Amino acid sequence: MKKLYYYLVMMKAYMRIGIITFTEYPLDSIIWCVAMFAREAASFFGIFFICKMLGGLGAWTLYEICILFGMAMIPEAIGQCFFDSVWNIGTFIRDGTLDKFIVRPLPIIMQLLGNRYTFQAVITIISGGVIIYYGIYHAMVSFTIGKFLLLILFIICGTSINTSIYLIFNSLNFWIIQGNDIAYLVLTIRQFAKYPITIFPKVVEITISYVIPFAFVSYYPTLYLIGKGTVFIPICTVFIAILLPLIAIGIWNCGMKKYDSTGT
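Rules of the game
Residues numbered from 1 in each chain as written. Predicted model: local features only at pLDDT ≥ 70, side-chain atom pairs only at ≥ 80, totals over all residues. Heavy atoms only, no water. Helix = DSSP H or I, 4+ residues; strand = E, 2+ residues; numbered from the N terminus. Rg over C-alpha atoms; globule rule 2.2 N^0.38 Å. Buried < 20%, exposed > 50% of the residue type's maximum accessible area, 1.4 Å probe, protein only. Contact = heavy atoms within 4.5 Å. Areas by Shrake-Rupley, 256 points an atom, 1.4 Å probe, with all protein chains shown as cover. Lys, Arg positive; Asp, Glu negative; His and termini not counted. Charge placed at Lys NZ, Arg CZ, Asp CG, Glu CD. Phe/Tyr/Trp six-rings, centres within 6.5 Å; stacked < 30°, edge-to-face > 60°. Core = buried A, V, L, I, M, F, W, Y, C linked by side-chain atoms within 4.5 Å. Salt bridge = Lys/Arg side-chain N within 4 Å of Asp/Glu carboxyl O. Patch = residues over 30% accessible without salt bridge, like charges linked within 9 Å, V, L, I, M, F, W, Y side chains within 5 Å. Arc of directions from axis to C-beta. Polar contact = N/O pair within 3.5 Å; in protein donor to acceptor, adjacent residues only side chain to side chain.

**Student:** Explanation requested: the overall build of the protein in the structure shown.
**Tutor:** When its secondary structure is counted, the protein shows 12 helices and zero strands. Along the protein, helices and strands appear, N-terminal first, in the series α-α-α-α-α-α-α-α-α-α-α-α. Whereas a compact globule of 264 residues would reach a radius of gyration of roughly 18 Å, the protein reaches 19 Å, a difference of no more than 12%. If one aligns the C-alpha atoms of the protein with their principal axes, the spans along those axes are about 55 × 40 × 40 Å. Buried residues in the protein amount to 48% of all 264 residues. Once local pairs closer than 6 in sequence are excluded, the contacts in the protein between residues at least 24 apart make up 77%. Of the roughly 13600 Å² that the protein leaves accessible, carbon and sulfur atoms contribute 74%. Taken as two groups, the 17 positive and 11 negative side-chain charges of the protein have centres that lie 7 Å from each other.

So, in C-alpha cells, the structure goes:
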C-alpha cells in the first residue's frame with residue numbers, strides 16, 4: 001500500500017510537470033491546440049461532405065458516421081494526452097535516456113509514460129464529444145443511462161487498445177534500428193477505423209479486426225451503440241482491452257531484457 005501511494009504521488013508530480021510545461025509558453029500551446037483542432041476538423045469535414053453528397057457510406061447514415069468518427073477521435077486524443085511518450089521509445093534507446101530510467105527507483109514504464117503529457121489534445125477530446133453528441137441527437141439513437149455508461153466503457157477500452165498497439169510496435173525499436181517506421185505505418189492503418197470497415201476490401205476488414213484490432217476502438221462499439229451489433233461486441237471489446245496491454249507489457253519486458261545500454 002505504501003508503494004502504491006508512492007507511485008500515485010509520483011504520477012501526480014509528473015502530471016504537474018506536464019501542466020507547467022503546457023502553461024510555460026501559452027501562445028505556443030494555443031497554436032498547438034488550434035493546429036490539432038484544425039487537423040481533426042479537416043479530416044471530419046472531409047468525411048462529412050462526402051457523406052452529405054452520397055447520403056451516407058454503405059449502410060451507414062451521415063449521423064452514424066459522425067458517431068463513428070467521434071469514437072475514433074476520443075481514445076486517440078486521450079492517448080496523446082497521457083500516453084504519447086510511447087512514441088519516444090526509439091529515441092530514448094538511442095540517446096541514452098533509457099539508461100537514466102533504469103537507475104531511478106521507479107518502474108521504467110511509469111517513467112516512460114510520465115515523460116510527456118500532451119494536454120493540448122484536450123481540445124480534440126472535447127471536439128470528439130461534441131461530434132458524438134451531434135451524431136446521436138440527429139440519428140435519433142435511443143440513448144439511455146446504460147448506453148452512456150457503455151459509451152464510457154468503450155472509450156476506456158478503446159484507449160487501452162490504441163495505446164497497447166502503439167506500445168507493441170514502438171517496442172520493436174529494441175530489435176530494429178528504425179522500428180518507428182513500422183509504428184508510423186500502423187498509425188496510418190488506424191485511419192481505416194474512422195470509416196465503416198465494410199466499405200473496404202476484405203483484407204482490410206480482417207486486418208483491423210483480428211490482426212491490428214483498431215476496429216474495436218471505434219467501429220464495433222459504434223455498431224453496438226446504434227443498435228446494429230450483438231451483445232458479443234462489448235464482451236469482445238473488454239477482452240481485447242485486457243489482453244492487448246498484457247501482450248504489450250510482455251513485449252516491452254522482453255525488449256528491456258534485451259536492452260544493453262545506448263544504441264542496442
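**Student:** I keep staring at the packing of aromatic side chains and nothing clicks. Help me out?
**Tutor:** For any two aromatic rings, the description comes down to two numbers: the centre-to-centre distance and the angle of the planes. For the structure shown, the criterion picks out 17 aromatic pairs. Centroid distance W87 to Y166: 5.0 Å. Interplanar angle 50°. Geometry classified as tilted. Of this pair, W87 sits in the loop between α3 (62-82) and α4 (89-95) while Y166 sits in helix α8 (residues 145-170), and the two are 79 residues apart along the sequence. Judged by relative accessible area, W87 falls into the buried class, the value being 12%. Classification of Y166 as buried rests on a relative accessible area of 7%. Ring geometry for F192 and F200: centres 4.9 Å apart, planes at 85°, overall edge-to-face. Here F192 falls in the partly exposed class, since its relative accessible area comes to 31%.

**Student:** Help me understand the nonpolar core, please; the structure alone is not making it clear to me.
**Tutor:** The nonpolar side chains of a soluble globular protein tend to be buried with one another. In this structure, L98, F214 and W252 are the most contacted members of the largest nonpolar core, which totals 64 residues. Apart from the residues within four sequence positions on either side, W252 is in contact with I89, L98, I108, I109, L112, L167, S171 and F174. Core analysis: the next-biggest nonpolar cluster, separate from the first, contains five residues, Y14, L106, M110 and F119 among them.

**Student:** Mind showing me how you'd approach the pattern of salt bridges here?
**Tutor:** When charged atoms on two side chains of opposite charge get close, those side chains can pair. Inspection of every chain in the model, using the stated rule, returns four salt bridges. The partner of E64 in a salt bridge is K228, with the nearest N and O atoms 3.0 Å apart. Here E64, found in helix α3, pairs with K228, found in the loop between α11 (219-225) and α12 (232-258); they are 164 residues apart in sequence, far enough to count as distant. Here D84 and R116 are joined by a salt bridge, their closest N and O atoms 2.7 Å apart. Note that D84 is positioned in the loop between α3 and α4 and R116 in the loop between α6 (108-114) and α7 (122-139), a separation of 32 residues in sequence.

**Student:** Please explain a nonpolar patch on the surface as it appears in this structure.
**Tutor:** On the surface, a cluster of nonpolar side chains totalling about 510 Å² of accessible area is made up of I145, F148, L149, I152 and I156. Secondary-structure assignment places L149 in helix α8.

**Student:** Looking at this structure, how should I read the environment of I168?
**Tutor:** Within the fold, I168 resides in helix α8. For I168, a relative accessible area of 14% translates into the label buried. Leave out the neighbours within four places in its chain, and I168 touches L244, I247, A248 and I251.

**Student:** Looking at this model, I keep getting lost on the environment of L187. Mind explaining?
**Tutor:** Here L187 shows up in helix α9 (residues 180-189). Note on L187: relative accessible area 23%, which makes it partly exposed. When neighbours within four sequence positions are excluded, L187 is seen to be in contact with E76, W87 and Y166.

**Student:** Honestly, α9 in this entry has me stumped. Any pointers?
**Tutor:** Because an α-helix packs 3.6 residues into every turn, residues spaced three or four apart end up facing the same way. Taken together, the buried positions of α9 are N180, A183, V186 and I189. Seen end-on, α9 carries its buried residues on one side only, within an arc spanning 165°. Exposed side of α9, more than 90 degrees from the buried face: L185 and T188 are the residues found there. The elements touched by buried residues of α9 are α4, α8 and α10 (202-211).

**Student:** Looking at this structure, I do not really get the side chain of N173. What am I missing?
**Tutor:** Mapped onto the fold, N173 is located in the loop between α8 and α9. Engagement of the side chain of N173 in a polar contact is seen with the side chain of R94, the distance being 3.5 Å.

**Student:** What should I look at first to understand the side chain of K147 in this one?
**Tutor:** In this fold, K147 is placed in helix α8. Buried charge without a partner: K147 forms no salt bridge, and the closest opposite charge is E64, 10 Å away. At 2.7 Å, the side chain of K147 and the backbone oxygen of L225 are in polar contact. Here K147 is in contact with V141, S142, Y224, L225 and G227, once residues within four sequence places are set aside.

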